[in-house]
Amino acid sequence: MPQPTQYVTPLDPVFVDHLSRHENEQIIVTTTAGKIEGVLTGVAVDHIQLNLSDDKAVHIRVSQIVSFEGFPISYR
């Protein structure tokens with residue numbers, strides 16, 4: 001008999017908001033696997049997209065992000 005499936009996405013709304021303020025900017029993201037540098041081109045509730053070059057992008061789950069580095073919001 002099929003069992004009901006439940007999907008859960010942990011959401012850190014303030015952290016995701018802070019990330020989204022850096023869209024289209026070069027940032028460094030520290031994940032549980034290491035650091036990745038690129039241009040933040042997309043922010044969703046469960047992942048972000050970093051463009052590493054004109055023809056290469058990575059999608060990173062928000063739950064795997066430890067921190068990110070970018071210019072301070074007030075700096076711009």
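The model shown is predicted, which means the values in this text are computed figures rather than measured ones. (Residues numbered from 1 in each chain as written. Predicted model: local features only at pLDDT ≥ 70, side-chain atom pairs only at ≥ 80, totals over all residues. Heavy atoms only, no water.)

## Remarks on the packing of aromatic side chains
No. 1: Considering all chains together, one arrives at one aromatic pair under this definition.
No. 2: Between F15 and F68, the ring centres sit 5.7 Å apart and the planes meet at 70 degrees, which makes this aromatic pair edge-to-face. Pair noted here: F15 is in helix α1 (residues 13-20) and F68 is in strand β5 (residues 65-69), with a separation of 53 residues, a long-range link.
No. 3: Exposure remark for F15: the relative accessible area of 24% places this residue in the partly exposed category. (Phe/Tyr/Trp six-rings, centres within 6.5 Å; stacked < 30°, edge-to-face > 60°. Helix = DSSP H or I, 4+ residues; strand = E, 2+ residues; numbered from the N terminus. Buried < 20%, exposed > 50% of the residue type's maximum accessible area, 1.4 Å probe, protein only.)

## So, the environment of I65
No. 1: Here I65 is to be found in strand β5.
No. 2: For the pair formed by I65 and A44, sequence separation is 21 residues and the distance between their alpha carbons is 13 Å.
No. 3: Discounting chain neighbours no more than four positions away, the residues touching I65 are F15, L19, V29, T30, T31, I48 and I60. (Contact = heavy atoms within 4.5 Å.)

## Looking at the nonpolar core
Side chains that are nonpolar tend, in soluble globular proteins, to be buried together.
No. 1: Within the largest apolar cluster, 11 residues are counted, these being V16, L19, I27, V29, L40, I48, L50, I60, V62, I65 and F68.
No. 2: Of all elements in the fold, only α1, β1 (26-31), β3 (47-53) and β5 reach the threshold of two or more residues within this core. (Core = buried A, V, L, I, M, F, W, Y, C linked by side-chain atoms within 4.5 Å.)

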